Every structure is written in C-alpha cells, then in structure tokens.
Amino acid sequence: MLFGRDDELRTVLTTVRAGGSLLVAGEPGIGKSALLDAAAERAHGEAHAVLRAAGVEFEAGISFAGLNQLLMPVVRDGAAAEPALRVALGLAEGAAPSFLALANAILALLGELGRAAPVLVVVDDFPWLDRSSAIVLGMVARRLSGLPAALIGGQRTGEAGFFEHGGMARLMLDPLDDRAGDELLRDRFPALSPRARRRVLGEAQGNPLALTELPGARSGTPAPAALPMSRKLQEVFAARIDALPTASRDLLLMAALSGPADLRAVAGSADNLASLDPALREGIVALDHRSGRVGFRHPLSRLAVVGLSTPGERHRAHRALADRASDPVRRAFHLAESTVEPDEAVAGAVERAAHIVLARGDAVAGVETLTRAAELSADRDARLRRLAEAATIGAEVLGELGNAEELVEIAGRSAGDPSGSLQLSTAAASVLFNRDSVVDTPHRLLTLTLRAQAARADPETLSEALQLLLVVCYFGGRAELWPPFHEAMAHLGESVPVSLVVLRAMHGDPARLGADTVRLLEDELRRLPAMENPADIIRLGVASVFADRIGDCRQALLRVVEDGRKGGAAAAAINAIVSLSVDAWKHGRWGEAERLVAEGQELAAGLGYLRYVWCFEGYVLNLIGAARGDERAGPAAEELDQWARSRGALVVRAMAFEIHCLAALGRGDFDAAFRAATEISPAGVLRPYMPHALWVIFDLVESATRTGRDEQARAHVAAAREARLDQLSSRLALAVHGAQALVADDKDRVRLFERALAGPDADQWPFLLARVRLCYGETLRRRRQVAEARRQLAAAQEVFETLGARPWARRAGNELRAAGVAAPEPRSGLTAQEREIAQLAATGMTNREIGERLALSPRTVAAHLYRVYPKLGITSRAALRDALSALR
C-alpha cells in the first residue's frame, strides 16, 4: 500500500495507459521501486503484458544482462524475435548486432506483443544496468510513439549511468509529507507510541525506507541522541562515507551531531575547512555560503555518519561542540552527551536548558532533558527534584502516565522520606488523579506535604503544587477541600503567579471572585498569542471556561491539539479538546463538539486518562443528547452520577444533574428540572466552589416560575445580580437578563426580554438565545401580542430545528399553533454524512465495517449514530430502516 503518492501514481498510470516513456527519479529510499511496483500491479490488473528488469551491481559488467532479464521470459514463451535480438540474448550465433538494430528489434517485438495486449516495460535502477542494455533501452524509450507500449524506469538522483534519458518525461519524487509519513508508521507499526512516532518522523525526514527501517520505529524506544541505522540502511548510505579520509569523517561527525551545523562550530578553525572538501565533492554535504551552514543532502547520510563512529569519537565531538556553542540549550545537550559519570555541574546546566525548552513549548524535549539531568545528578535531592518535575510534566502535559509512574517510583526509591518532598508528592498526586480520577487521596497527599513544606518551598515548586491542588479541589466541588489551598497560597505572597490568581477565581469560585478578576483574565488573554508552553496555554483555557472566553483561546488551544496529534503534548491536547468541545456546545456548533469528543475520547482512553474519559463519554455528548431528546441521556447521567459518587467528585455529579435538568425541561417536566437544578445549587444561593451553578441559572429560574416557586426564582435572580454575573460574559448576561424577565412584573417583562435579546453578542449562544425567545414568545402570546409572539416563536423553532433539538422544536411548534400558525413538523436535520452512515447501518453493517468503507474510526461512526437516533426519533439501530424510509 502506497501512502502519500496518489498524484504520482496517477502520473505514472497516465503514461502506462497512453504510451510513451517516463523516468521516475529520487533520492535513495524515497519509494521509486514501490511506485514502479504499484504501477506494474495496476497495469497487470488492467490486462497489460508487463516486462520487468532491474539493474544489479554485480551484473553491470555483463553485456546485455539487462535485456536478457527483461526479454528472455517472453522470447522463451515463443514470442517472435528478430535474429539480432536472438543473438544478443544468446539464443543464436551470428555477428554482434548494432545497438540501433537491437533497438529496432525490440520495438518490433513490443509491437507484436501489443497486438494481444498493451505492453508495459518496467526497469528499475537504470545506473546499474550494463552498458549495452542501457544504451539500447535509451534508444527504445525515445521511439515508442505509435506503439501500444510504455516504458517506465527508476533512477537515483545524482547517479550517472549509460542510460540516456534525454527527451524522456521525468517525475521527481519528493519526501512524504508529515501526514503521509504518519499514516505509513501507523500502518506498519500500530503499537508505536506518539512520542516515538514523532521522533522517527523527525529523523526520517519523509524518506519511506527510513520510516520503515529505523530501529526506533521497530522498538518504539529511539536512542537519546540519534537513531541507529539498520543494516539495510547502512548498505544504502554508508559506503561513500566509509571511503572518506579520517579528517573528513571527523568534520562530518561534528556536523552530524550539531543539528543546524554552523561551519565555524564544526570546523573550529579555517585550517580545518579543507578537510570538508572530499565530502562536498561526493555530494554528501552542501555548503550554504550565505548563512555559513553546512547541511547533509540526505538526512540518512547524517545517521550513517553517526552510525560509523565509535563511542569515544562521539564523546570527543560532543565535548568540542559544547566548547564552541553559544546557545545554552545546545551547549547543555552536547555536555550531556559527552558526559558518562554523574556530574552535578553538567546536570545543573542540563536542567536549566530543560526549562528553556519547556518555555519554548516543546514539552517532549523538556521532559527528555529533565530526565537526562536527573541521570547526571550527583546530588540526591537534586536528582529527586528533577525526576519529580519530569514525572509531573509527563502526566499533566505529555500524556505519558506509565512513564510518569515509573519516574515517581525511581524518585521514591531515591528519597529517604518520600512524603518530605513537595516535588515528589506533586508528581505522585498527578499520576493518581489523572489515572484513577479519585479526589481525596491526591488531595490528602498534597495537603499533608504542603503543611510541612509550603513555608520553605521555592515559589516555582509551590506554584506547581498549587496548580494541581486547585484542579483537584475543583473536581471535588466541596468547600471543605479549599482551606489548605488558601493557606498554602498565602505563603507565595507577592510571588503568586497571575495565572494562579486567575485560575483560583474563574475556575474555583467565579460567582464570588469572577467579576473582580475578569479584567485580569482579559489581560492574560491578550498575552496568549505569544505563549508557547502548552501548560500555560491550557491553564488559561481552563480559566476561561466559566467566563465564556474559550473563543479568545481557540487558536492557541488548536495549536496544542495539533501538537498532541503529532506526538507532542498529548495530555495537554486532551485538556484543550475538553475546553473546545464545551465551547462548541455552548456556541451551538454541536457537530464540531461531537467530532472533538470522538477524538478526545479515543486519545484519553488510549493513554489511560480516566478523568478525561468521563467528561467525553458522560458529559458533553449527553448534554447534546438531552437537548435533542435522546432517551439514553437520562440513564447515562445516572451512570455518571454513580461514578462521581464513588470518587468524591461533586462537580461531576453537578454535570449529571445538568443533563437531567436539560432533559426534563425539553420534555416539559419542570418539577424534575427544578429538583435537578437545585441539586447543583439551592435556589437563591450560588454554592461556593461550584462554578457549574453558573450554567443552570436560566434553567433553575424557568423551572421555578413554571412550578409556582416564584419567590425562589426571584431569590436566584437576585443572587446572580449580586454576584454581577452579567459582567462576566455575554452568555451569562443573556441568561441573567432572561431570568430577570421571567420573574419581573407584567409591566416590565417585555422591556426586560427585549434587553436580554439585544445584549451584545447574544447571537453567539444560539440554543440559549432560542430558549429565551421561546419564553418571550409565550409571554407575548398570553398578552395577545400575537404577531410579535409568532416572530419570536418562529425564530426559536428555526434554531431548534437546525440544532436537531426536537423536543424544543416541538415546544415552539405547540406555541405557534396556539398563536394560530400551522407549524410544520420539525425536519430530521440529518447531514449528508449522517444520512450515509445511517443508511449503511440500516443494512446491517457494523461500526467497524462502516468505518472501513468511509475511512472513519469506529468511535466516530458511533458518535454519528448517537446523534442520528434522536434526530429520527428512534432509540435503536433496529428502527433505522423504517425511520429512513419515512423520510423519503
């Protein structure tokens, strides 16, 4: 199977079908032979006669060896061959034929064969063909016009031979792009970790042979400095390097180990530059005179140089490069690679380099560098600190829970008293929290250590521990979890990071702290485009969720997601997907939310992040399902509630009650909706440290007013206004002002509804806006303002139908009929892809079979079907056929 070569294969097949000749050229390992094989296989399937030959080094001195390989099979089978050709093939005696006579004889043979079927001649590795065969085939290639035959051949760039390809069309193969390379690795090595896959992609530089032959791809554990080469790759790339003078090889090794190779750093002095000349003449490296950099013409030549060197040679080269490096990260890298025994000075330099790398946004390299610093540590406490930091970043950012747990165990064995290290406690709590989603154990571990060490901890270490503790406390949703956090935060004094202040207010208790902190959040958001560290980006994203500012973080969060897809900060990518999926739900982009959920769910489950799996499986999809009337949303919310109880996670219980509340509102069970909403926060109170109370303000007030609980409704509106929630976001302004209209006196109600609908950016929240319009339309109808009622109700119904929110569309339709409008039945709202998937599922195909047909994952197919059922008003796969028939 070819990856990333669709355009090239089409070009080759065009020549095959139309006739003529084509030379496929490219660097070693670029996939010339694979492309020729694919073309030959396709031609054979289209009933072409295929003749094949390939240049072979040990036959290059044997006259007509190539022609013999190419034509002997058909001549032996009885194909008519002119005497000149039979002499060249050794089947007859006679005077040596001329090259032109042989070319004409071959053309005559191709014409004869073409009477039965078109002919394809495939010749690989032209430069290794013997001289006679190469010359003759060059003449044939230029004389195929008018014959039912085509010739395609392969040749490495930069290699000369006797084949004259002047006048032939030429197809140059470029390296595979990252996407095609990634697909090739996933197909060939499905168990390869994202981190190892990213490493191999970087080393191979799009070379297919390298992607499949580098030992790092096979083992999944690439070496720290450079991936070693397999024997096959060494045979391809090492021969020319091995023949160079020792001085040239020494300079090449310096260039190979230095990354972007500055000529001055490689050579060291002008006297040494001449030693590079042999490598330049051989075309192994190229010199850019403008930038003063020397680079390898082929990425695998660099690996071959490293592979041919001894450990001692590499150590000396790294030490020399460290002495010449001006960049602290490069200097630390070379120092680490040249150091064998523990050296605290080197370890300190490597640790500082790791923090620079992390600030630049490369979490993978940051963790690798911190781990290397720990390996070089001579001081036990410093080693423990470095291991613990690497473990925490691995768990929180990279998505490597297994590796993080292993680092925690190593650090624990190094520590005399594991509970006495704040760094180690933070790392261990992170693993526990992300892996098991329990609240009390990581909370207890962190708070015990903080009480003992917060007063003497350095600000950076203390801040990192508090960032984690804050998320644990939020997840718990209980006020009693927070006092240890506040006590420890007080020790930071003026050193408290702005990100922690914002996160505490906006994610911890936005009802009390949000209005006074939102401007600080906006200041931080203005800095976001320049942020590179994924940990900083996702923390700001989390702080923006309850203030409805995810839209301002969207591009930065998408950068984190893309990095995670490429094998970078995968845990950060999952976190970003959570924020983006919630934002898509709020903004009415429900299809986007479902796609994000499917991706995040697969990634979180694959990496073992239970605390994210529940969010994808239990929350966002079921909110959408509840809005669309899916009967499965209620039982799913029950499961989510039970799961949350077992882990002490009240915030997750609040999510379950939010689903119950929305489902009850949709079916008109307002008493059940009120009871669910007040489980999140009592009427008239915005429960401390329960930010989800902000998401059910309109729900609680609507359900209260519809069940005769007017005093409780008014009390809740008063609490929301006292908290100045309408200053946090345009969505909260719409919710609070809409709720205020519901509880207002009759004379003020219309004015307040109009104010709610006219709020800035109210149209960004289509589902909530349509719900406010529905309530407003009901009010207008009761006031006998029928024309305006119809306008509001029709606008609401249109949004509900577009979103597939069938229960709400029915409610709007009922109100329209009461206002004298014969409202049409809501549409199915199926997208083209949803309809196609539903039709395939109705035939009995499984999700896996549908996925293979449409190039989708089974999880994505399941997500599509999950939203198809409520749109069609069904609850099972068995009902699909009848429901689809009813649409025709």
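Fair warning: this is a prediction, and the values are worked out from it, not measured in the lab. (Residues numbered from 1 in each chain as written. Predicted model: local features only at pLDDT ≥ 70, side-chain atom pairs only at ≥ 80, totals over all residues. Heavy atoms only, no water.)

1. Some points on the nonpolar core
- Of all hydrophobic cores here, the largest spans 183 residues; its most connected members are Leu450, Leu466, Tyr619, Leu725, Phe767 and Phe800.
- Discounting chain neighbours no more than four positions away, the residues touching Tyr619 are Val582, Trp614, Leu640, Met655, Glu658, Ile659, His692 and Trp695.
- In this structure, Ala105, Leu109, Phe126 and Leu137 belong to the second largest nonpolar core, which totals 38 residues. (Core = buried A, V, L, I, M, F, W, Y, C linked by side-chain atoms within 4.5 Å. Buried < 20%, exposed > 50% of the residue type's maximum accessible area, 1.4 Å probe, protein only. Contact = heavy atoms within 4.5 Å.)

2. Let's talk about the confidence of the model for the protein
- Put simply, the protein has an average pLDDT of 86, and 92% of its residues get 70 or more.
- Per-residue pLDDT, averaged within each element of the protein, yields its smallest value for helix α10 (residues 215-219) (45) and its largest for helix α37 (residues 697-705) (97).
- Here residues 215-225 is modelled with pLDDT under 50, and outside its nearest four sequence neighbours on either side it reaches 29 contacts, counting other chains as well. (pLDDT = per-residue confidence, 0-100. Helix = DSSP H or I, 4+ residues; strand = E, 2+ residues; numbered from the N terminus.)

3. Some details on the pattern of salt bridges
- Applying the stated criterion across every chain yields a total of 49 salt bridges.
- Arg17 is paired through a salt bridge with Glu46; the nearest N and O atoms lie 2.5 Å apart. Here Arg17, found in helix α1 (residues 6-18), pairs with Glu46, found in the loop between α2 (32-45) and β2 (49-54); they are 29 residues apart in sequence, far enough to count as distant.
- Judged by relative accessible area, which is 32%, Glu46 ranks as partly exposed.
- Glu594 serves as the salt-bridge partner of Arg628, at 2.9 Å between the closest nitrogen and oxygen. Pair noted here: Arg628 is in the loop between α33 (610-627) and α34 (633-647) and Glu594 is in helix α32 (residues 590-607), with a separation of 34 residues, a long-range link.
- Residue class for Glu594 comes out buried when judged on its relative accessible area of 2%.
- Connected via shared salt-bridge partners are Asp699, Glu702, Arg706, Arg771, Glu778 and Arg811. (Salt bridge = Lys/Arg side-chain N within 4 Å of Asp/Glu carboxyl O.)

4. A few points about the sheet that holds strand β3 (residues 119-124)
- Taken together, 5 strands build an open sheet; the order of strands is β2-β3-β4-β1-β5 and the sheet is parallel. Looking at which strands have only one partner, the edges of the open sheet turn out to be β2 and β5 (169-172). For this sheet the average axis-to-axis angle between neighbouring strands, irrespective of direction, equals 20°.
- Taken together, the 4 bridges between strand β1 (residues 20-26) and β5 define a ladder with parallel strand orientation. Bridging across to β5, Leu23 finds its partner in Arg170.
- Packing against the sheet, α1 makes contact with β1, β3, β4 (149-156) and β5, and its axis sits at approximately 155° to β1. (Pairing = 2+ DSSP bridges. Axes fitted to C-alpha atoms, helices over the stretch in contact; angles between N-to-C directions.)

5. A closer look at helix α26 (residues 483-490)
- Those residues of α26 lying buried are Pro484, Phe485, Ala488 and Met489. Here the buried residues of α26 occupy an arc of 130° about the axis, which is enough to place them on one side.
- Buried residues belonging to α26 abut α24 (440-453), α25 (459-476) and α27 (498-508). (Arc of directions from axis to C-beta.)

6. As for the environment of Gly153
- Within the element layout of this structure, Gly153 appears in strand β4.
- Judged by relative accessible area, Gly153 falls into the buried class, the value being 0%.
- Separated by 231 residues in sequence, Gly153 and Leu384 place their C-alpha atoms 59 Å apart.
- Every residue in contact with Gly153, bar those within four places of it in the chain, is listed here: Leu22, Leu23, Val24, Leu36, Val123 and Phe126.

7. So, the pairing of β4
- Along β4, 7 of the 8 residues are buried, which leaves the element largely enclosed by surrounding structure.
- Across 5 bridges, β3 lies against β4 in parallel orientation. Among the inter-strand pairings, Val123 is bridged to a residue of β4, identified as Gly153.
- Following the backbone out of β3, through helix α6 (residues 131-141) and into the adjacent parallel β4, one traces a crossover that is right-handed. (Right-handed = clockwise from strand over helix to strand, strands pointing away.)

8. A few points about the environment of Glu487
- If you trace the backbone, Glu487 turns up in helix α26.
- Of the residues examined, Glu487 reaches a relative accessible area of 48% and is grouped as partly exposed.
- Separated by 36 residues in the primary sequence, Glu487 and Arg451 place their C-alpha atoms 8.5 Å from one another.

9. As for the packing of aromatic side chains
- Under the definition given, this model contains 14 aromatic pairs.
- For the ring pair Phe433 and Phe475, a centre distance of 5.2 Å and an interplane angle of 90° mean the geometry is edge-to-face. With Phe433 in helix α23 (residues 422-436) and Phe475 in helix α25, this pair connects stretches of sequence that are 42 residues apart. As far as burial versus exposure is concerned, Phe433 and Phe475 are alike and both buried.
- Seen in terms of ring centroids, Trp585 and Phe767 are 5.9 Å apart; in terms of plane orientation they differ by 50°. Their pairing is tilted. Residue Trp585 is located in helix α31 (residues 570-586), and its partner Phe767 is located in helix α41 (residues 766-782); the two are separated by 182 residues in the primary sequence.
- Judged by relative accessible area, Phe767 falls into the buried class, the value being 6%. (Phe/Tyr/Trp six-rings, centres within 6.5 Å; stacked < 30°, edge-to-face > 60°.)

10. Overview of the packing of α37 against helix α39 (residues 730-743)
- For the pair α37 and α39, interaxial distance at closest approach is 9 Å and the crossing angle is 10°. The angle between α37 and α39 falls in the class roughly parallel. Within the contact between the two elements, α37 uses Phe698, Val701, Glu702 and Thr705 and α39 uses Ala735, Gly738, Ala739, Leu742 and Val743.
- Classifying every residue of the contact of α37 with α39 by side-chain character gives 6 nonpolar, 2 polar and 1 charged. (Parallel < 35°, antiparallel > 145°, perpendicular 65-115°, else oblique. Nonpolar A, V, L, I, M, F, W, Y, C, P; charged D, E, K, R; others polar.)

11. Regarding unusual backbone geometry
- The backbone of Asp125 shows a phi angle near 55°, a positive value even though the residue is not glycine.
- Tracing the backbone through its elements, the reader meets Asp125 in the loop between β3 and α6.
- Under the relative-accessibility criterion, Asp125 is labelled partly exposed at 23%.
- Although it is not a glycine, Arg784 sits at a positive phi angle of roughly 65°.
- By secondary structure assignment, the location of Arg784 is in the loop between α41 and α42 (786-803).

12. Some points on helix α40 (residues 746-757)
- With 12 residues, α40 should reach 16 Å at 1.5 Å per residue; the first-to-last C-alpha distance of 18 Å fits that figure.
- Listed as buried for α40 are Arg749, Val750, Leu752, Phe753, Ala756 and Leu757.
- Looking at the buried side of α40, the elements it contacts are α39, α41 and α42. (Expected span 1.5 Å × (residues − 1).)

13. Some words on the side chain of Ser703
- Tracing the backbone through its elements, the reader meets Ser703 in helix α37.
- With residues near it in sequence (within four places) discarded, Ser703 still touches Leu665, Phe670, Ala673 and Phe674.

14. Topic: the packing of α32 against helix α46 (residues 858-872)
- Where α32 meets α46, the closest approach of the two axes is 9 Å, and the angle between their N-to-C directions is 140°. In terms of orientation, α32 lies oblique with respect to α46. Handedness of the crossing formed by α32 with α46: right-handed. Of the residues in α46, those touching α32 at Glu594, Ala598, Gln601, Glu602 and Ala605 are Arg859, Thr860, Ala863 and Arg867.
- A class-by-class count of the residues in the contact of α32 with α46 yields 3 nonpolar, 2 polar and 4 charged. (Left-handed = near helix turned anticlockwise from the far one by under 90°.)

15. Some words on the environment of Val542
- By the element assignment, Val542 lies in helix α29 (residues 534-544).
- Expressed as a C-alpha distance, the spacing of Val542 and Ala429, which sit 113 residues apart in the sequence, is 19 Å.

16. Some words on the state of the cysteines
- For the structure shown, the criterion picks out 0 disulfides.
- Cysteine Cys775 shares no disulfide, and the gap to the nearest cysteine sulfur, in Cys661, comes to 12 Å. (Disulfide = S-S within 2.5 Å.)

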